[in-house]
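Single-letter residue listing:
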Amino acid sequence: MKVLGIETSCDETGLAIYDDQINNGKGGVLAQVLYSQVQLHQMYGGVVPELASRDHIRKLVPLFDELLVQAGIDKSQIDAVSYTKGPGLIGALMTGALFGRTLAFGLGVPALGVHHMEGHLLAPLLAADNPPQFPFVCLLVSGGHTMLVRADGVGEYQLLGESIDDAVGECFDKVAKMLNLPYPGGPNVEKLAKTGNPLAYQLPRPMLHKGLDFSFSGMKTAVHNLIKDTPNADSDPVVRADIAASFQYAVVDTLTQKCHKALKQTGLKQLVIAGGVSANRTLQKTLEQRVQDIGAKVYYAPVELCTDNGAMIAYAGFCRLKQGQADGLAVACVPRWNI
Ligand code: KG4
Ligand code: ZN
């Protein structure tokens, strides 16, 4: 079975084909293409929704043609289409959903709208060797979400905790702006933090002792005040690197402590991290060290599957279709949607 996945919830146009017959029947990604709109939005310092929608429309057909060439197949060999139905920017979601639904209708194959965060959650399962097995705890960290989820199977998710305000990715992006780093902020803060001292400045760890929920809005204010009160914070490269490293350390420390707590609370020994922020090497390494004491293992996808991509949507669609699910002809995108 070959499932086409289409991701257009924000500023990446991602298409991929998941094929359950390749890799000696283990299944895997047959082909994938990705177009990032980073250049388009960079001058605005963030994603402009209307521009994002228009650019998805411009790129969907050429990317689809490129995908077929890469996969070495004709479009008649596609068995089903899966697209991101939400959450995300409504205009951007509609472009991929309408393209996918229409294509499926033309090909006479089923179509299914999937949850973007479920795509992230399932992406680490695409690993060829030793993927995580259900049940596991998943830390979902992206530009719009920060959640701790217990996953017992496809579609069997229990929310253990979430951010009561900003998402951790958003916090990285805002701190990047304060440090005059280009959009998208996360990877640039990580790069700057590499040369800094993570213990140079003490930043808060909000809600550390309050269950498994998070709060990151206070962190943005704390970094803002730190920059305002520190001489040469906008010009001295050492000071800037120290601020980036201290911020990253505080966030990683908070996430790590909550993950540790979630593992202890559930008694599970597998921790999956997914979503754009899971590409952060300091987060990956710190988690690996800190969960050793309870004999837990950390799983994450390669960087290109941590951030938005079509492969995770193709795979989430495949898993759902295998359960017998499919949508009708109506297309209804859901900009706000709980997992
Ligand atoms: O999952 P994603 O690609 O899109 C959403 O679903 O939002 O996540 C994007 C977020 C952005 O906030 C970006 O700054 C952050 O993930 N991000 C990172 C890193 N790479 C991406 N944050 C910290 N470190 C990184 N290496
Ligand atoms: Zn995402």
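A quick note: this is a predicted structure, and the numbers were derived from the prediction, not measured.

**Q** Can you tell me about the site of ligand 1, naming the residues and giving the values?
**A** Lining the immediate environment of ligand 1, one finds 18 residues, of which His120, Gly143, Asp173, Gly186 and Glu190 sit closest. A distance of 2.6 Å is found between an oxygen atom of ligand 1 and a side-chain nitrogen or oxygen belonging to aspartate 173. Glycine 276 has a polar backbone atom sitting 3.0 Å from an oxygen atom of ligand 1. Contact with the protein chains hides 88% of the accessible area of ligand 1, taken as 550 Å² for the molecule alone. Within the residue set of the shell around ligand 1, elements represented by two or more residues are helix 4 (116-122), helix 5 (168-178) and helix 6 (185-193).

**Q** Can you lay out the UniProt feature "domain: Gcp-like" (unreviewed entry) in the protein for me, pointing to particular residues and giving the numbers?
**A** Under the UniProt annotation, the feature "domain: Gcp-like" (unreviewed entry) is placed at residues 29-315. The distance separating the terminal C-alpha atoms of residues 29-315 is 8 Å; by composition the span is 47% helix and 17% strand.

**Q** Give a description of the coordination of the zinc ion (ligand 2) that names residues and reports values.
**A** Coordination of the zinc ion (ligand 2) by the protein comes from His116 (NE2), His120 (NE2) and Asp308 (OD), over a distance range of 2.0 to 2.1 Å. Mapping the donors of the zinc ion (ligand 2) onto the primary sequence gives the spacing H-x3-H-x187-D. Pair noted here: histidine 116 is in helix 4 and aspartate 308 is in the loop between helix 10 (303-306) and helix 11 (311-322), with a separation of 192 residues, a long-range link. Considered together, histidine 116 and aspartate 308 belong to a single accessibility category, that of buried residues.

**Q** Hey, could you go over the pattern of salt bridges for me, with residue numbers and the actual values?
**A** Opposite charge on two side chains lets them pair, provided their charged atoms get close. In the structure shown here, the tally under the stated rule is 11 salt bridges. Of the charged contacts, one joins glutamate 118 and arginine 320 as a salt bridge, the two residues approaching to 3.0 Å between their closest N and O atoms. Taken as a pair, glutamate 118 in helix 4 and arginine 320 in helix 11 lie far apart in primary sequence, 202 residues in all. Taken individually, glutamate 118 and arginine 320 each receive the classification buried, so the pair is uniform in this respect. The salt bridge partner of arginine 205 is aspartate 253, with a shortest N-O separation of 2.9 Å.

**Q** Outline the environment of leucine 321, supporting the account with residue identities and numerical values.
**A** Mapped onto the fold, leucine 321 is located in helix 11. The sequence separation of leucine 321 and leucine 208 amounts to 113 residues, and the corresponding C-alpha distance is 39 Å. Non-local contacts of leucine 321, meaning those with residues more than four positions away in its chain, are made with Met1, Val3, Ala80, Pro110, Leu112 and Ala326.

**Q** Describe the sheet that holds strand 10 (residues 297-300), naming the residues involved and giving the relevant values.
**A** The 5 strands are arranged 8-7-6-9-10 in an open sheet whose pairing can be described as mixed. The strands lining the two open edges of the sheet, one partner per strand, are strand 8 (156-162) and strand 10. Between one strand axis and the next, the sheet turns through 25 degrees on average, direction left out of account. Summarising the sheet, strand 9 (residues 270-274) and strand 10 pair through 4 bridges and their orientation is parallel. Each bridged residue has a counterpart across the sheet, and for glutamine 270 the counterpart in strand 10 is lysine 297. In the packing of helix 8 (residues 237-266) onto the sheet, the strands contacted are strand 6 (136-141), strand 7 (146-153), strand 8 and strand 9, and the crossing angle to strand 6 comes to about 155 degrees.

**Q** For the pairing of strand 9, give the residues involved together with the corresponding values.
**A** Taken across its 5 residues, strand 9 has 5 buried, putting it largely inside the fold. Side chains Gln270, Val272 and Ala274 project from strand 9 onto one buried face, and the interleaved Leu271 and Ile273 project onto a second face that is buried too. Since strand 9 and strand 10 lie parallel, the crossover through helix 9 (residues 281-290) that links them has a hand, and here it is right-handed.

**Q** Break down the sheet that holds strand 5 (residues 111-115) for me, citing the residues and quoting the values.
**A** Strands belonging to one sheet form pairs held by backbone hydrogen bonds; the direction of such a pair is parallel or antiparallel. Spatially, 5 strands are ordered 3-2-1-4-5 in an open sheet, and the strand pairing comes out mixed. The open sheet has two edge strands, strand 3 (28-36) and strand 5, and neither has a second partner. Direction aside, neighbouring strands of the sheet carry axes that sit 20 degrees apart on average. Sheet topology places strand 2 (residues 12-19) next to strand 3; 8 bridges connect them, and they run antiparallel. Bridge pairing links glycine 14 to leucine 34 in strand 3. The sheet strands contacting helix 3 (residues 90-107) are strand 1 (2-7), strand 2, strand 4 (80-86) and strand 5, and the helix crosses strand 4 at an angle near 160 degrees.

**Q** Give a description of the side chain of aspartate 20 that names residues and reports values.
**A** Tracing the backbone shows aspartate 20 in the loop between strand 2 and strand 3. Buried within the structure, aspartate 20 lacks any salt-bridge partner; its nearest side chain of opposite charge belongs to lysine 322, at an N-O separation of 7.1 Å. Reaching out from aspartate 20, the side chain makes a polar contact with the backbone nitrogen of methionine 1 at a distance of 2.6 Å. Side-chain polar atoms of aspartate 20 contact the side chain of glutamine 21, separated by 3.2 Å. Setting aside chain neighbours within four positions, we find aspartate 20 in contact with Met1, Gly25, Lys26, Gly27 and Phe318.

Conventions adopted
Residues numbered from 1 in each chain as written. Chains lettered and ligands numbered in written order. Predicted model: local features only at pLDDT ≥ 70, side-chain atom pairs only at ≥ 80, totals over all residues. Heavy atoms only, no water. Near = heavy atom within 4 Å. Polar contact = N/O pair within 3.5 Å; in protein donor to acceptor, adjacent residues only side chain to side chain. Areas by Shrake-Rupley, 256 points an atom, 1.4 Å probe, with all protein chains shown as cover. Helix = DSSP H or I, 4+ residues; strand = E, 2+ residues; numbered from the N terminus. UniProt positions renumbered as here; feature names shortened; annotations may be inferred. Donors = N, O, S within 2.8 Å, 3.2 Å for Na, K, Ca; no water. Buried < 20%, exposed > 50% of the residue type's maximum accessible area, 1.4 Å probe, protein only. Salt bridge = Lys/Arg side-chain N within 4 Å of Asp/Glu carboxyl O. Contact = heavy atoms within 4.5 Å. Pairing = 2+ DSSP bridges. Axes fitted to C-alpha atoms, helices over the stretch in contact; angles between N-to-C directions. Right-handed = clockwise from strand over helix to strand, strands pointing away. Lys, Arg positive; Asp, Glu negative; His and termini not counted.

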